[in-house]
Each structure stands twice: as C-alpha cells, then as structure tokens.
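Listed below are the residues making up each chain.
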Amino acid sequence: MASYIYVTVAIMFVISPFQVHSLAIDQMIQNVTSESNNVTSSGTNMTSSWGNMTSSMINETEKNCTIIVQERPKAVEVKLTELANKTEENFINVQEGLADVLDQVLTNFTESVNRVYADNNHLLERLNDLEANFNEVKAEKVATEQTLQDIYTEELSCEYIRDNVSASMTPKSGLYWLRDKYGRRYVTYCDFDAEGRSWTLVASVHENKMGIDGRCNAGDKWSSELGKDADPNADTAWSDLSTFGDVTTATSGDYKSPGYFSANAKNVMIWHVKEHTPVDELKEKAYLRYRTTNNILQTYGGNMYTLYKDHYTHKPGAANYPNHGPSAPVTYDKGSWAEHSYHLGTHVKTYVTGAHIQFRAVTLSKDSFALCPGGAITKSTAAAHDNAPYFCLGSNPKTKDSRYCGDFGWWDRDGYGKGIGYSADQTLVKTAFLIFYD
C-alpha cells in the first residue's frame, strides 16, 4: 500500500512538472513523509528496506521538481523577451507606416485646402461679377420698365416700330402687335418701304357674292348686311367705331381694325390683291399699289373715319350731285392707270379721271359711295355721276335703286366679270382692296 502511494506521487511529479509550484511540492513531500512514517510504524518488517527506497525516490523527485521549477520561468522569460522584441519591432513598423500615412494625409489636406482657397477666391470673383451684372440688369430693368411705361401711355404704330429699329436696317413687312390711342391692342400688317415710309393696314373691302340675291346681304359689311331692313340713317362702317374681320384673312372677307378710326394719318395707300391671297404674300401678289402724297387726311381729322363722320356723310340723300367728296392724285408704286383702267368696263373709264382716289361719290338719285379706288368722277355731266355704282366701293344702305346696294355696287351690270360696257372684268371683281394709312 505504501509503495503504491509513493509510486503514484512520484509519477505525478514527473508527468506534470509544469503544473506544480515549489511550495506545493514541499507540502506534498511533508505529507508523504508523514504517511511513510505512519506506515513504517505499522509494518516493522518492511520499514528498513522500504524506507531506504522511499528516501531515494523522494530525493530524486525533489531534485527533478526543483530543476523543473527553476527552468520553467527561464523559458517563459525567453519567450516573453522574444515576444517583447517582436512586438517592439512591429510597433516600430506600424509607427513608421502610420507616420508615412499621416504625412500623405497632411500633404493631401494641405493641397485640398489650397484648392479650396483658390476656388473660394475664384468664387468671390465670380460673385463680384454676378453682382455687377445684377446691378446692370436692375438698371436695364428700370430703364425697360420706364420704356414700357412710356410705350403703354402712347399709341404704338407701325411708324413707332420703324423709328425704334436700328437706322442701318429696315424692319420686315408683316404682322405686328399695335395699340391704338384708346389702349386697345390688335394685330395688323405693317408695310415698310425702301423710302422710309411706314404703312398700316387698316381695312380691306371684298365682295363675297354679287348678283340680285347678293345685294347688301351677309358679308357686305362696308355697305349693309340687312338689305331692305337696313336703317338708312344709321352710320355705316365708314363712319362708326365698329371693327370686324381678321387681318390673316383680309383678302377673303371684309376687315376693319381699330387703326381705321384711331390713327392720326396723313395719306392713304390702296393695294389690289387677288382674293384668298395669304397674308405673308400680300405685297408680292398685289398687282396694283398706289398712294396719295398730299397729306389729304390731315385736312379731315387724320383718318377716313373723321372724314366721313364729320365732313362727308355716307348716307342716302345726304348730298346732291355734283357734291362729291374730296379727291387726291396718286402715285403708282406698282402698275399704272393704264393697267388699272384695263379692268374697268369700257363705258365707265370714259367718265373717270385716272390716277386719283375719291372719297364719296354721289349719284343722281342721291345715293353715295364711300371710296373710288384709282380714279375720280370729276366730270359734271349726269352720265358721269351715275358711273359711281360701277366703279366705287361701299354703297350707303337702302339705295334708291336696289341694284346699286353692296360693297361692289353694280359692278356686274353687263355680266359678272365680263369687262365690257359697265361691268368690271374677272380680275377686278375677284380683288380684295387693302387700305393703308401712313
């Protein structure tokens, strides 16, 4: 029993030397010694032999344990030293790498800061430029508002458009927004000629239907659309403030703009244009163009409205022949009186003084026609006076002879578009007469 214990203790010390502390080993040796003494006392015969062997094993075990306990801290110390050296080396490497990274970060940061400063300076310069531009825009806005204020308190005409375009160029003829003296805005056609004149389209006269059932019916806005029911004492379109039609279809129907009665004009110009001509081809397609040059409208209030309203009434019975209205000579910009008269009936041209415009022509029956384009009835014979229905535009309502009534009167007396006797030819009856002011 005692030998088993000794052997077990010895093996424990040999097998597990790394788990024994020196103090614990001393304590165990004391315990083993005490027990061996007890065993020796109980077994007298075995005491001497086992005691010697036990003492030898204990001494050997104590020696081995002492060696182990003394050598283990040295190995650990070596390992710790190696680990410390390795750690220090790694730390130095990390420190050096971190220093390099920090240097690069600092360099990049410095460059970024410099770029930000440069960008900031550029931005400040740009902001200063923008502020300067903004101030310029504000000044221009104030000037523009003042200009608009001036414009909106004044009449806006084709002449104004021309005068406010660079002197080195001529504005293009065509459609423009205008404003009359009453503040009404409207679109119409402006013609700008090479001589510096500005002409405003204010009206067009077009006959949509002739014949016995076309006398003073729908579409005859410059005479009457009411036929026999018309009020003979009412003002006609020549002397009222009505407007009608569309400038874009001025060659297909009657047209009257606010400029007709609101403009302060000097002269009148008339274009003969084939019906249904597009508005952007008016000047090119006009086969006759002529105008007054003596500022006749200034004598009668500055437009045709005041001429008829205040001076030469356009009503039945308003005047006796030969009390016509005024006439003025014209200059042809395209065509001539010879070309013009070619389209008249052969009898009519005998009694007409060419290259004129006449404002109101009166017949023997005291009917009046508003406008005679291209000629004047100046001869004092009765036959001459009665040619107005075959040549002039815009009868008064409810004519004594119903065949005279209409925008083109009795232009088809000897056949529609025949060009013989008292009838105009096909070209003339298919013409829209465009009236301009300058």
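Residues numbered from 1 in each chain as written. Predicted model: local features only at pLDDT ≥ 70, side-chain atom pairs only at ≥ 80, totals over all residues. Heavy atoms only, no water.

Relative to strand β2 (residues 185-192), strand β1 (residues 174-179) runs antiparallel, the two being bridged by 6 bridges. Looking at the pairing, Gly-174 lines up with Cys-190 of β2. Hairpin connection between β1 and β2: a loop of 5 residues separates the two successive antiparallel strands, and Gly-183 in this loop has a positive phi of roughly 90 degrees. (Pairing = 2+ DSSP bridges. Helix = DSSP H or I, 4+ residues; strand = E, 2+ residues; numbered from the N terminus.)

Let us look at the side chain of Thr-200. With respect to the element layout, Thr-200 can be found in strand β3 (residues 198-205). The residues touching Thr-200, leaving out its near neighbours within four places in the chain, are Cys-158, Leu-178, Thr-188, Tyr-189, Ile-435, Phe-436 and Tyr-437. (Contact = heavy atoms within 4.5 Å.)

Moving on to a nonpolar patch on the surface. Taken together, Leu-98, Val-101, Leu-102 and Val-105 make up a surface patch of nonpolar side chains, about 360 Å² in accessible area. Within the secondary structure, Leu-102 sits in helix α3 (residues 47-152). (Patch = residues over 30% accessible without salt bridge, like charges linked within 9 Å, V, L, I, M, F, W, Y side chains within 5 Å. Areas by Shrake-Rupley, 256 points an atom, 1.4 Å probe, with all protein chains shown as cover. Salt bridge = Lys/Arg side-chain N within 4 Å of Asp/Glu carboxyl O.)

This paragraph deals with the nonpolar core. In terms of nonpolar packing, the biggest core is built from 52 residues, with Trp-238, Tyr-260, Met-304 and Leu-371 touching the most fellow members. In contact with Tyr-260, not counting residues within four places along its chain, are Val-202, Ala-203, Trp-222, Ala-237, Trp-238, Asn-303, Met-304, Tyr-305, Tyr-308 and Tyr-437. Residues Val-247, Trp-271, Ala-286 and Ala-432 belong to the second largest nonpolar core, which totals 15 residues. (Core = buried A, V, L, I, M, F, W, Y, C linked by side-chain atoms within 4.5 Å. Buried < 20%, exposed > 50% of the residue type's maximum accessible area, 1.4 Å probe, protein only.)

This part is about the confidence of the model for the protein chain. Mean pLDDT over the protein chain: 83, with 78% of residues reaching 70 or higher. Confidence over residues 39-47 falls short of pLDDT 50; this stretch has 3 contacts with residues more than four positions distant or in other chains. (pLDDT = per-residue confidence, 0-100.)

Okay, helix α8 (residues 304-311) next. Of the positions making up α8, those classed as buried are Met-304, Tyr-305, Thr-306, Leu-307 and Tyr-308. On its buried face, α8 sits against α5 (259-262), β5 (268-274), α7 (296-299), β9 (356-362), β10 (368-372) and β13 (431-437). N-cap assignment for α8: the residue whose side-chain oxygen lies 3.1 Å from the backbone N of Tyr-305 is Asn-303. (Polar contact = N/O pair within 3.5 Å; in protein donor to acceptor, adjacent residues only side chain to side chain.)

Take the side chain of Asp-438 next. By the secondary structure assignment, Asp-438 is in the segment after β13. Buried within the structure, Asp-438 lacks any salt-bridge partner; Lys-266 is the closest side chain of opposite charge, at an N-O distance of 4.4 Å. Side-chain polar atoms of Asp-438 contact the backbone nitrogen of Lys-266, separated by 3.3 Å. Here Asn-267 takes part through its backbone nitrogen, which lies 2.7 Å from a polar atom of the side chain of Asp-438. (Lys, Arg positive; Asp, Glu negative; His and termini not counted.)

Attention shifts here to the state of the cysteines. Counted under the stated rule, the structure contains 3 disulfides. One disulfide in the model links Cys-216 with Cys-405; its S-S distance is 1.7 Å. When the S-S torsion is -90 degrees, as for the bridge of Cys-216 with Cys-405, the disulfide is left-handed. Of this pair, Cys-216 sits in the loop between β3 and β4 (255-256) while Cys-405 is found in the loop between β12 (393-395) and α11 (426-429), placing the two residues 189 residues apart along the sequence. (Disulfide = S-S within 2.5 Å.)

On to the packing of aromatic side chains. A complete count under the given rule lists 18 aromatic pairs for this structure. A ring pair is formed by Phe-261 and Tyr-305, whose centres lie 6.3 Å apart and whose planes are at 70 degrees; its orientation type is edge-to-face. Placement of the pair is Phe-261 in helix α5 and Tyr-305 in helix α8, with a sequence separation of 44 residues. Just as Phe-261 is buried, Tyr-305 falls in that class too. Relative to Phe-436, the ring of Trp-271 lies with its centre 4.5 Å away and its plane at 45 degrees, an arrangement referred to as tilted. Placement of Trp-271 in strand β5 and of Phe-436 in strand β13 is noted, with a sequence separation of 165 residues between them. For the pair Trp-271 and Phe-436, a shared accessibility class is recorded, and that class is buried. One aromatic cluster in this structure is built from Trp-222, Trp-238, Phe-244, Tyr-260, Tyr-308 and Tyr-437. Residue placement shows Lys-221 over the ring face of Phe-244; its charged tip is 5.7 Å from the ring centre. (Phe/Tyr/Trp six-rings, centres within 6.5 Å; stacked < 30°, edge-to-face > 60°. Lys NZ or Arg CZ within 6 Å of the ring centre and 35° of its normal.)

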